[in-house]
Structures are given as C-alpha cells and as structure tokens.
Amino acid sequence: MTAAASATPMVQVRDLEVVRAQRRILVVDSLSIPPGETLAVVGPNGAGKSTLLLALAGLLQPTRGSVVVDGVRLTRGGELDYRRRIGLVLPAPLLLSTTVFGNVAAGLRFRGVATAETRERVERWLERLGIAHLRDRPASQLSSGEAQRTSLARALVLEPRLLLLDEPFAALDSTTRAQLLDDFERLGVGGTATRVLVTHHLHEAVRLGDRLAVLLDGQIRQCDTPERVMASPADAQVAALVNAEARIRGHIVASDDGLVVVDTGAGSGSDVEARARRLLDAARSPAGEAARDSGQSRGA
Ligand code: ADP
Ligand code: MG
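Report follows, based on the coordinates. A quick note: this is a predicted structure, and the numbers were derived from the prediction, not measured.

**Examining the overall build of the protein**
Summing up its helical and strand segments, the protein has twelve helices and twelve strands in all. Residues classed as buried in the protein amount to 41% of the 300 residues present. Once local pairs closer than 6 in sequence are excluded, the contacts in the protein between residues at least 24 apart make up 60%. In the structure as shown, the protein presents an accessible area of about 15,900 Å², 50% of it carried by carbon and sulfur atoms.

Okay, structure coming up:
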C-alpha cells in the first residue's frame, strides 16, 4: 500500500494529442514523472517542447488524452484546482508593473495568504535568488537576468508541486546564465518539487536533468537517464541531437605502444587474441603492408 502510494507519479500523461491549425504537433502515448524528479526536455526548435509544457500547465486544450498532476486530472472547468499545483516560468518573464516584491507576492495575495506570512515567504525567496536588494525596484527597471530571477522567485514562492520551466535561461547573457544555472542547481538540492525543464542546450539538460526526454517532430523518441541517452541513442536523429559519436561495444584484446586491437564480437572464431597478436606483429614488422595482407587472408 505504502509502496504503491510512494510510486504514484507526480505527472501521468496518457495518449495525449495536440492539434493546432489542422496539424498534429504533439503526440505522447505515455509519460510518467515521479515525484522529485527533474525531467529535462530537449529538442530542436519547433519540436513541440513548449506545446508539451503548455499542455502540462493546463493552458492548452489537448485534442485527445489525459494529463494528471498530483492526482488531479485536468478537466474543463476544473482548471483552477489543477493549476494551483503548478508553477510556470517562461523564457521572457511577463512581470506586473509593480515592484519586485509586489510581483513575487502577487500569487500569495491572490491565494489569500496572510500578510505576515506573505512577507516572510517572499523575502526568503528574494534572498535565495540573490535579489533581496531589488525588493522595491519597479519591474520595468530590471535587467533581463534580474527579471528572470524575479520570475523564478514568483513561481517558487508558491511552492508548486510541479514546476514547469520553458527555456528559463534563454534570454540571459552567458555570465548571468552560468550564475543562474549554479543557483538553480543549488536550489534543486533538497528541493521537493518535481520539475520539467525545457531547454535546447544539451549541457543544461544533462547537468540538471535526472532524465532526458528527447522530443523530435512532436514525439518523445527517448526518455532515459542522460548517460543512457548519450551512450545508446534510440535512433540516428536522437544521436545527432545529443552529438553522440558512433559507439561500438568491444573490449581490448591486445595493445602495443598505442596500437590497440578491440574485439567487437563482429568477427568469428575464438582465436581473437591470437589473430590480434598477428595483426599487431604484422603492423610493426618492416614489411608491414605485405605481412598484414597475408595475415588477413590467413585469418579469413
Ligand atoms: P518548440 O517549443 O519545441 O520550439 P513549439 O511547441 O513552440 O516548439 O511548436 C511546435 C510546433 O507547433 C511548431 O511546428 C509550431 O510551428 C507549431 N505551433 C506552435 N504554436 C502554434 C499555434 N498557435 N498554431 C499553430 N501551430 C503552432
Ligand atoms: Mg519553445
């Protein structure tokens, strides 16, 4: 019973389809995200990453299928209960024309959280995101990095069960990006929220994601740990996306001063080591070419 409860996914997507302008732009047969996981979604422009995030956020009506977050199914009319579980951070933050404090406090005020608690929670998150000194600054006077930190604070202060991040570092210069990435990683430690991070930067995905979902042409082609996706891409397009070099399994059977013979299992016969030794000897012999050729024909 307890095991079943703890195994309940935070996000469960089934048979999801999104059609826009008469085009199927997203099809997800099944996607399950366990509580506490950071799922990084990678894919080229137009792959459907933002569409997936908007569908998870309940901001886009799927043509088919179901999305359940934290046990609550997204239904027409029931969006509020659903959306309260979710925090959304977009690439370019849309801030209210008030102060940084006002922006971060807005959601709590809307939910009727008491003034003292609101102040305490907002200040804690301003502190954590390194923008406490900007507390009273109008949002219109922030740099893009400061604005994105404010946007993150606004989402995190609500302590959402599910945090959806669409290219949250995209609008930032590389220094700010690196700092925020560090902060984000730090905040992730010990954090309980489940996160879906959309990025087209593979290194961000690998660094922050417990799993990678590779989205191509509106389909999740592979969803696995970064290590496994990189080591065994599901197909050539996934391989191209993760820049995987051709990887061939094998083991070294002989080596000599930088010259290495690897058994890939592709050959036949059990005398691999003997044949490897002959190849190495042939390669080292003064009449290298000829000896190697004859070695090969003998082995064949
Ligand atoms: P990504 O975030 O991976 O770049 P999107 O989810 O934004 O991709 O878009 C996926 C596909 O859906 C693209 O081909 C895009 O042109 C299309 N699309 C996005 N928004 C709309 C829309 N409002 N109407 C029609 N097609 C759309
Ligand atoms: Mg997008």
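On we go.
**A short note on the site of ligand 1**
For ligand 1, the full set of nearby residues is Arg 20, Ala 21, Arg 23, Ile 25, Pro 44, Asn 45, Gly 46, Ala 47, Gly 48, Lys 49, Ser 50 and Thr 51. A distance of 3.0 Å separates an oxygen atom of ligand 1 from a polar atom in the backbone of Gly 48. For ligand 1, an oxygen atom lies 2.5 Å from a polar atom in the side chain of Thr 51. Compared with its free state, where it exposes 560 Å², ligand 1 has 63% of that area covered by protein. Of all the elements in the fold, those that place two or more residues in the shell around ligand 1 are strand S2 (23–33) and helix H2 (49–57). Looking at the shell around ligand 1, the element that brings in the most residues is H2, giving three residues. Classifying every residue of the shell around ligand 1 by side-chain character gives four nonpolar, five polar and three charged.

**Comments concerning the side chain of Glu 204**
As for its placement among the helices and strands, Glu 204 is situated in helix H8 (residues 202–208). Of the residues examined, Glu 204 reaches a relative accessible area of 2% and is grouped as buried. Among the polar contacts listed, one links the side chain of Glu 204 to the side chain of Thr 199, at a separation of 2.9 Å. For Glu 204, the contacting residues outside a window of four places in its chain are Phe 169, Arg 177, Leu 181, Leu 197, Thr 199 and Gly 209.

**Looking at the pairing of strand S12 (residues 259–263)**
As judged from the five bridges shared by strand S11 (residues 251–256) and S12, these two strands associate in the antiparallel manner. Bridge assignment links Ile 252 to a residue of S12, and that residue is Val 262. Connecting S11 to the next strand, S12, in antiparallel fashion are two residues, including Asp 257 with a positive phi near 50°.

**Looking at the nonpolar core**
Grouped together as the largest cluster of nonpolar side chains are 31 residues, with contacts concentrated most on Val 122, Leu 129, Leu 152 and Phe 169. Every element with two or more residues in this core is listed here: helix H4 (100–110), helix H5 (115–128), helix H6 (144–156), strand S7 (162–166) and helix H7 (174–188). Beyond its immediate stretch of four places on either side in the chain, Leu 129 contacts Arg 149, Leu 152, Ala 153, Leu 156 and Leu 187. The next biggest cluster of nonpolar side chains, apart from the first, holds 30 residues, and it includes Leu 16, Leu 26, Leu 56 and Ala 213.

**Here's the deal with the packing of H4 against H5**
Running from N to C, H4 and H5 point in directions that differ by 125°, and their axes come no closer than 10 Å. Taken as axis vectors, H4 and H5 run oblique relative to one another. The crossing of H4 and H5 is right-handed. Side by side, H4 and H5 meet where Val 100, Phe 101, Val 104, Ala 105 and Leu 108 of the first sit next to Thr 118, Arg 119, Arg 121, Val 122, Glu 123 and Leu 126 of the second.

**Some words on the environment of Leu 142**
Take Leu 142: it is sitting in the loop between H5 and H6. Separated by 43 residues in the primary sequence, Leu 142 and Thr 99 have C-alpha atoms spaced 9.9 Å apart. Setting aside chain neighbours within four positions, we find Leu 142 in contact with Leu 95, Val 100, Leu 134, Arg 137, Ala 147 and Thr 150.

**Regarding the packing of aromatic side chains**
Under the criterion given, the structure shown has one aromatic pair. Taking the centre distance of 5.6 Å and the plane angle of 80° together, the rings of Phe 169 and Phe 184 count as edge-to-face. In this pair, Phe 169 is assigned in the loop between S7 and H7 and Phe 184 in helix H7, connecting sequence segments 15 residues apart.

**Some details on H6**
The end-to-end C-alpha distance of H6, which contains 13 residues, comes to 18 Å, matching closely the 18 Å that a straight helix rising 1.5 Å per residue would cover. Among the 13 residues of H6, ten are classified as buried, and the element is accordingly described as predominantly covered. Looking at H6, one finds that the buried residues are Gly 145, Ala 147, Gln 148, Arg 149, Thr 150, Ser 151, Leu 152, Ala 153, Ala 155 and Leu 156.

**Here's the deal with the pattern of salt bridges**
Under the definition given, this model contains 19 salt bridges. Across the pair Asp 70 and Arg 161 runs a salt bridge whose closest N-O atoms are separated by 3.0 Å. On the criterion of sequence distance, the pair formed by Asp 70 in the loop between strand S4 (64–69) and strand S5 (72–73) and Arg 161 in the loop between H6 and S7 is long-range, its members being 91 residues apart. We classify Asp 70 as partly exposed; its relative accessible area is 22%. Here Glu 120 and Arg 124 are joined by a salt bridge, their closest N and O atoms 3.2 Å apart. Of this pair, Glu 120 and Arg 124 are both found in helix H5, four residues apart, which corresponds to roughly one turn of the helix.

Rules used throughout
- Per chain, the residues get numbers from 1 upward, laid out in the order the sequence is written.
- Each chain is given a letter, starting from A, and each ligand a number, starting from 1, according to the order in which they appear as written.
- A pLDDT threshold of at least 70 governs which residues receive local features in this predicted model, and a stricter bar of 80 or more applies before side-chain atom pairs are shown or counted, although totals over entire chains, interfaces and linings include all residues.
- To get the side-chain values, all heavy atoms of the structure are used, and hydrogens and water are removed first.
- Numbering of helices and strands runs from the N terminus; a helix is a DSSP stretch of H or I covering at least four residues, while a strand is a stretch of E covering at least two.
- For the exposure calls, accessible area comes from a 1.4 Å probe over protein chains only, and a residue counts as buried if that area is under 20% of its type's maximum, exposed if over 50%, partly exposed in between.
- In what follows, a contact means two residues having at least one pair of non-hydrogen atoms within 4.5 Å.
- Under the convention used here, a 1.4 Å probe and the Shrake-Rupley method define accessible areas, while residue burial counts only the protein chains that appear.
- One heavy atom within 4 Å of a molecule or strand is enough for the residue carrying it to be called near that molecule or strand.
- Polar contact is the term for a pair of N or O atoms within 3.5 Å; when the atoms are in protein, one must be able to donate a hydrogen and the other to accept it, and sequence-neighboring residues count only if both atoms are side-chain atoms.
- When residues are grouped by polarity, Ala, Val, Leu, Ile, Met, Phe, Trp, Tyr, Cys and Pro land in nonpolar, Asp, Glu, Lys and Arg in charged, and all others, Gly among them, in polar.
- Any two strands with at least two DSSP bridges between them are considered paired.
- To form a nonpolar core, buried Ala, Val, Leu, Ile, Met, Phe, Trp, Tyr and Cys residues must be joined to one another through side-chain atoms within 4.5 Å.
- Between N-to-C directions, angles cover 0 to 180 degrees, with each direction set by a line fitted to C-alpha atoms, over the stretch in contact for helices.
- In these notes the angle categories are as follows: under 35 degrees is roughly parallel, over 145 is roughly antiparallel, 65 to 115 is roughly perpendicular, and the rest is oblique.
- Here a crossing is taken to be left-handed if its near helix is turned anticlockwise relative to the far helix by less than a right angle, and right-handed if that turn runs clockwise.
- Only Phe, Tyr and Trp rings take part, Trp by its six-membered ring, and two of them pair if their centres are within 6.5 Å. Stacked means planes under 30 degrees apart, edge-to-face means over 60, and tilted covers everything else.
- A helix's residues, less one, multiplied by 1.5 Å, set its expected span.
- Each reported salt bridge corresponds to a side-chain nitrogen of Lys or Arg within 4 Å of a carboxyl oxygen of Asp or Glu.

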